[in-house]
Amino acid sequence: MTTVVMTEAGPETGLPRARGELSDAVMRALTGALPWSRLVEVTATDDEDALLTLWIAHELHHRGLPRFADAEWTPELVVVRRRLEGELEQRLRARAEGHQPESATPDALLDFVRQDAGPSLSAYVQRSATREQVLELLWLRSIYHLKEADPTTWTLPRLPGPARAALAELQYDEYGGGRPARLHAELFARGLRACGLDARENAAIDDVPVEVLEMNVTLTMFGLQRRLAAASIGHLVAFEASSSAPSRRMARGLRRLGLPEEIAAYYDEHVEADAVHEQTAARFIAGAMLRADPTVADDLAFGAFTCLDLERRFAASMFRRWGVRP
Amino acid sequence: MSDHVDLHVCPNGPLLIRGAVGVRAPDGTVHRTERPVSAVCRCGKSASLPWCDGTHQSLRTPIDEGERR
Ligand code: FES
Ligand SMILES: [Fe+2]
Ligand SMILES: [Fe+2]
């Protein structure tokens, strides 16, 4: 089933629809309908409710929900955010245990990604996805791609010198190398618009499944917490190293379906850019961190596993949704 | 850092070049890049020559066979 909302305007607050008691309460607190002091008493209905609440709290640190920017550091909200992040991190670590790579040298991380055999959305897009399915995929991915690279930028000042220089170099490329029109987020926005989709940030939030919420809040949590800098970089390595070939398959699928060149161009750019980024992320960023402090190995490995695992869960949920066997 | 370089050979991967460059292909075409760092294919199997597109990952014989670190 596809529920691609085209250009329907969201409510003027930009707030998403609640998915349970806690996300409802946090939005009532933001709009002044609930005293902040009451928020800490509310418990989440389920994981989906908790993840949406976290997403809202994180969005205040990003560019979203501009009307509520003043609430960014509200103590009660920070208390709730830290509690939810703690639960999320525990769940992610439990999933990684026994499955994350044993070594976190650059080559070990790259090998770990190469050996990943999760269900591939890009292979399906290349060969057999319908136009509607591809539009739905782009729509759901827009939550991340419209703020592409932003969460990792928070990691930058936490890194040792050589790793910091290398991450700045990588991010400079993600941010268009000084040309606003080349910002990766802007390339994606242009592609969405060419497809007739709403390219305003977070326009898709009410449609995304729980797996997309989890992917996004995990990455933001890794970026926001200095303690998790190595997990953020491990995630970056796996993300970049699992992008070139899938981007080529995406571009082929988009052209097979006759979708606009603008959206194919976003993926063309990533074939080349991420062939570079996977090397620099593994060798110059993760490698430099590991040389400066060998104890980061475990979190580099944890971040790499988590990136692939969350993508695997998202892919599985899309194949289920479409009734397709990967 | 004293060991900072502008050309870096990745084991079983591309040659990384720092700074904007032009590469002349065998047919005379000049390919330009303005990326801060570019990756030139060393395996010859890329679909975007002269640039690396990650294809080296799936080669049965690694580029630097026997030299793996
Ligand atoms: S070296 Fe990467 S594709 Fe040839
Ligand atoms: Fe990118
Ligand atoms: Fe990238």
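Residues numbered from 1 in each chain as written. Chains lettered and ligands numbered in written order. Predicted model: local features only at pLDDT ≥ 70, side-chain atom pairs only at ≥ 80, totals over all residues. Heavy atoms only, no water.

What follows deals with the overall build of chain A. When helices and strands are tallied, chain A shows 15 helices and zero strands. Compactness check: chain A gives a C-alpha radius of gyration of 19 Å against a globular reference of 20 Å for 326 residues, within 12% of the reference. In terms of its C-alpha atoms, chain A occupies a principal-axis envelope of roughly 50 × 50 × 40 Å. Across the 326 residues in chain A, those meeting the buried criterion constitute 58%. The positive charge centre, built from 38 side chains, and the negative charge centre, built from 48, are 2 Å apart in chain A. (Helix = DSSP H or I, 4+ residues; strand = E, 2+ residues; numbered from the N terminus. Rg over C-alpha atoms; globule rule 2.2 N^0.38 Å. Buried < 20%, exposed > 50% of the residue type's maximum accessible area, 1.4 Å probe, protein only. Lys, Arg positive; Asp, Glu negative; His and termini not counted. Charge placed at Lys NZ, Arg CZ, Asp CG, Glu CD.)

Of regular secondary structure, chain B possesses zero helices and five strands. For chain B, the sequential pattern of α-helices and β-strands runs β-β-β-β-β. The burial tally for chain B puts 43% of its 69 residues in the buried class. Taking as baseline every contact in chain B between residues at least 6 positions apart, the subset at least 24 positions apart corresponds to 28%. For chain B, the exposed area adds up to about 4200 Å²; of that, 50% sits on carbon and sulfur atoms. (Contact = heavy atoms within 4.5 Å. Areas by Shrake-Rupley, 256 points an atom, 1.4 Å probe, with all protein chains shown as cover.)

All right, on to the coordination of the iron ion (ligand 3) then. Residue and element names in this part refer to chain A. The coordination sphere of the iron ion (ligand 3) contains the protein donors Glu174 (OE), Glu240 (OE), Glu240 (OE), Asp274 (OD) and His277 (ND1), at a distance range of 2.1 to 2.7 Å. Within one chain, the residues donating to the iron ion (ligand 3) are spaced in sequence as E-x65-E-x33-D-x2-H. A gap of 3.7 Å separates the iron ion (ligand 3) and the iron ion (ligand 2), which Glu174 links by coordinating each metal. With Glu174 in helix H9 (residues 161-174) and Glu240 in helix H12 (residues 229-241), this residue pair connects regions lying 66 residues apart in the sequence. (Donors = N, O, S within 2.8 Å, 3.2 Å for Na, K, Ca; no water.)

In this section: the domain arrangement of chain A. Residue and element names in this part refer to chain A. Split into domains, chain A comes out as domain 1 (21-93) and domain 2 (103-322). Computed over C-alpha atoms only, the centres of domain 1 and domain 2 are separated by 25 Å. Each side of the interface is counted separately: domain 1 has 19 residues, and domain 2 has 27 residues. In this assembly, domain 1 packs against domain 2 so that about 2100 Å² is buried in total across both faces, 62% of it on carbon and sulfur atoms. Across the domain 1-domain 2 interface, the total number found is six salt bridges. (Domains from an automatic or database assignment. Buried area = accessible area lost by both parts, 1.4 Å probe. Salt bridge = Lys/Arg side-chain N within 4 Å of Asp/Glu carboxyl O.)

Turning to the nonpolar core, a few remarks are in order. In this structure, Leu138, Ile233, Tyr267, Ile285 and Leu300 of chain A are the most contacted members of the largest nonpolar core, which totals 112 residues. With 13 residues, helix H14 (residues 261-292) of chain A is the largest single contributor of residues to this core. When we break this core down by domain, the ones giving at least three residues each are domain 1 (21-93) and domain 2 (103-322) of chain A. What Leu300 of chain A contacts, discounting residues up to four positions off in sequence, is Ala104, Leu109, Ala230, Ile233, Gly234, Ala286, Met289 and Leu290 of chain A. Counting residues in hydrophobic clusters, the runner-up holds five residues, among them Ile17, Val21, Val23 and Trp51 of chain B. (Core = buried A, V, L, I, M, F, W, Y, C linked by side-chain atoms within 4.5 Å.)

With 24 residues of chain A at the contact, the number on the chain B side is 24 residues. Of the roughly 2100 Å² buried between chain A and chain B, counting both surfaces, carbon and sulfur atoms make up 50%. It is Arg114, Glu169 and Glu272 of chain A that lose the most area in chain A upon contact with chain B, and together they represent 24% of the buried surface on that side. On the surface where chain A and chain B come into contact, there are six salt bridges. The partner of Asp173 of chain A in a salt bridge is Arg35 of chain B, with the nearest N and O atoms 3.0 Å apart. Inspection of the chain A/chain B interface yields seven residue pairs in polar contact (both at pLDDT 80 or more). Those elements that provide at least two residues to the side of chain A that touches chain B are helix H5 (106-114), H9, helix H13 (244-256) and H14 of chain A. Looking at the side of chain A that touches chain B element by element, the count peaks at eleven residues for H14 of chain A. (Polar contact = N/O pair within 3.5 Å; in protein donor to acceptor, adjacent residues only side chain to side chain.)

The next thing to look at is unusual backbone geometry. The omega torsion across Leu49 of chain B and Pro50 of chain B is 10°, close enough to zero to call that bond cis. The residue Pro50 of chain B is located in the segment after strand E5 (37-40) in this model. Of note, the phi angle at Leu65 of chain A is positive, near 50°, even though the residue is not glycine. Looking at where Leu65 of chain A falls in the secondary structure, it is placed in the loop between helix H3 (47-59) and helix H4 (75-96). Its relative accessible area of 6% is what places Leu65 of chain A among the buried residues. A positive phi angle, near 80°, is found at Ala149 of chain A, a position not held by glycine. Owing to a relative accessible area of 3%, Ala149 of chain A belongs among the buried residues under this scheme.

Take the confidence of the model for chain A next. Mean pLDDT over chain A stands at 95; residues scoring 70 or higher make up 96%. Under a pLDDT of 50 for its full length, residues 1-10 of chain A has, in the predicted model, 21 contacts with residues more than four places off or in other chains. (pLDDT = per-residue confidence, 0-100.)

With that settled, the discussion passes to H3 of chain A. Residue and element names in this part refer to chain A. Helix length check: H3 (13 residues) gives 18 Å between terminal C-alpha atoms against 18 Å at 1.5 Å per residue, within 8%. The element H3 is extensively covered by neighbouring structure, given that eleven of its 13 residues are classed as buried. All buried positions along H3 are accounted for by Asp49, Ala50, Leu51, Leu52, Thr53, Leu54, Trp55, Ile56, Ala57, His58 and Glu59. Tucked inside the fold, the buried residues of H3 contact helix H1 (21-30), H4, helix H7 (131-145) and helix H11 (210-224). (Expected span 1.5 Å × (residues − 1).)

To continue, consider the coordination of the iron ion (ligand 2). For the iron ion (ligand 2), the full set of protein donor atoms is Glu148 of chain A (OE), Glu174 of chain A (OE), His184 of chain A (ND1) and His270 of chain A (NE2), and the range of their distances to it is 2.0 to 2.2 Å. We note that the donor set of the iron ion (ligand 2) lies within a single chain, spaced as E-x25-E-x9-H-x85-H.

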